Amino acid sequence: MPNYSQLNPELLVATVEQLSKRVGERFPQAGLFKVSRHLCDIATESRKRVSKSARRSIWIRCLIGLLLVLLMAGIAMSVAAFKIQPKPGSVTWLEFVQVLESGINDIILVGAGIFFLASLENRMRRRRILKALHELRSLAHVIDMHQLTKDPQRAAGVLIATPSSPRSELSPDQLIRYLDYCSEMLSLVGKLAALYLQRSDDAVVLSTVDEIEGLTTGLSRKIWQKLMIIHAGPK
């Protein structure tokens, strides 16, 4: 049964690929099409990274298991130290305190080692996810650059181009589709970032994903302002 409470990585990748095909069919020579193909590559890689981030590190788990075995062995040796005494009552209070102190020290050291390994695994996972999120953030700015010079007032016939104006051969209808594609790509960048939250509850990852979603929403808002100008047309 489909899970509608989480993003499906397979469907998300398929949506990105479908969008790239749509961009290529309308603007095969545009740089935006190349960006959409790059977005497809990132989406495919994100699917693999999310799946990999959910796996536990085998070698770290083995080390933690080894430390637990050492801890149990240390406790067993401490207990056995009392049993090998010549007489049951031959253990003095000082000897008992020394053995107890040694056992506590072993527990503290091994516990610190287990904590370090567990936190190391989390830090490694966080570093990989943040690197992927940084790539998505950079891509959002690249998409924004492609719509930055698209002047809606010229397309709507409100302004006349000057010699220094960016060259544009898009009709109003074509520009609407172009800006729509940019907005859709930004939305998908935000969804790819949110994909990492489904396998991580790290506070730093959550903050970074929120930042990317806020960024893509803000950039999309600028695009929709341009679309409103085009739809309004010349007064």
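All of the points below concern the structure found in this document. Everything numeric in this text was worked out from a predicted model, so none of it was measured.

Here we come to the packing of helix α1 (residues 9-26) against helix α6 (residues 172-195). To describe two helices that pack against each other, one gives the angle between their axes and the distance between the axes. Running from amino to carboxyl end, α1 crosses α6 at an angle of 160°, the nearest separation of the two axes being 11 Å. Considered as vectors, α1 and α6 are oriented roughly antiparallel to each other. Our pair here, α1 against α6, has a crossing hand that is left-handed. Residues Pro9, Leu12, Thr15, Val16, Leu19, Arg22, Val23 and Arg26 of α1 form the contact with α6, whose participating residues are Arg177, Tyr181, Glu184, Met185, Leu188, Lys191, Leu192 and Leu195. Taken together, the residues that form the contact of α1 with α6 break down as 10 nonpolar, 1 polar and 5 charged.

Evaluation of the coordinates by the stated rule reveals 8 salt bridges. Across the pair Arg49 and Glu45 runs a salt bridge whose closest N-O atoms are separated by 3.9 Å. Placement of the pair is Arg49 and Glu45 together in helix α2 (residues 31-53), with a separation of 4 residues, close to one helical turn. With a closest N to O distance of 2.9 Å, Asp180 and Arg177 form a salt bridge. Highlighted residues: Asp180 and Arg177, both in helix α6, separated by 3 residues, approximately one helical turn. Through salt bridges with shared partners, a single ionic network connects Glu45, Arg49 and Glu135.

Time to look at a nonpolar patch on the surface. A cluster of nonpolar side chains, namely Leu63, Leu66 and Leu70, defines an oily patch on the protein surface of about 260 Å² accessible area. Here Leu63 shows up in helix α3 (residues 58-83).

Turning our attention to α6. The end-to-end C-alpha distance of α6, which contains 24 residues, comes to 35 Å, matching closely the 34 Å that a straight helix rising 1.5 Å per residue would cover. The element α6 is largely enclosed, with a buried count of 17 among its 24 residues.

It is worth spelling out the nonpolar core at this point. Within soluble globular proteins, side chains that are nonpolar generally end up buried alongside one another. Core analysis: the biggest nonpolar cluster contains 42 residues, and Leu133, Leu136, Ile143 and Val189 have the highest contact counts within it. Counting residues per element, the ones that place at least two in this core are α1, α2, α4 (93-148), α6 and α7 (203-232). The greatest single-element share of this core, amounting to 13 residues, is contributed by α6. Sequence-distant contacts of Leu133, that is, excluding residues within four places in its chain, are made with Ala193, Tyr196, Val205, Thr208, Val209 and Ile212.

Parameters and conventions
- Residues numbered from 1 in each chain as written.
- Predicted model: local features only at pLDDT ≥ 70, side-chain atom pairs only at ≥ 80, totals over all residues.
- Heavy atoms only, no water.
- Axes fitted to C-alpha atoms, helices over the stretch in contact; angles between N-to-C directions.
- Helix = DSSP H or I, 4+ residues; strand = E, 2+ residues; numbered from the N terminus.
- Parallel < 35°, antiparallel > 145°, perpendicular 65-115°, else oblique.
- Left-handed = near helix turned anticlockwise from the far one by under 90°.
- Contact = heavy atoms within 4.5 Å.
- Nonpolar A, V, L, I, M, F, W, Y, C, P; charged D, E, K, R; others polar.
- Salt bridge = Lys/Arg side-chain N within 4 Å of Asp/Glu carboxyl O.
- Patch = residues over 30% accessible without salt bridge, like charges linked within 9 Å, V, L, I, M, F, W, Y side chains within 5 Å.
- Areas by Shrake-Rupley, 256 points an atom, 1.4 Å probe, with all protein chains shown as cover.
- Expected span 1.5 Å × (residues − 1).
- Buried < 20%, exposed > 50% of the residue type's maximum accessible area, 1.4 Å probe, protein only.
- Core = buried A, V, L, I, M, F, W, Y, C linked by side-chain atoms within 4.5 Å.

By themselves, these are just geometric observations and shouldn't be taken as functional.
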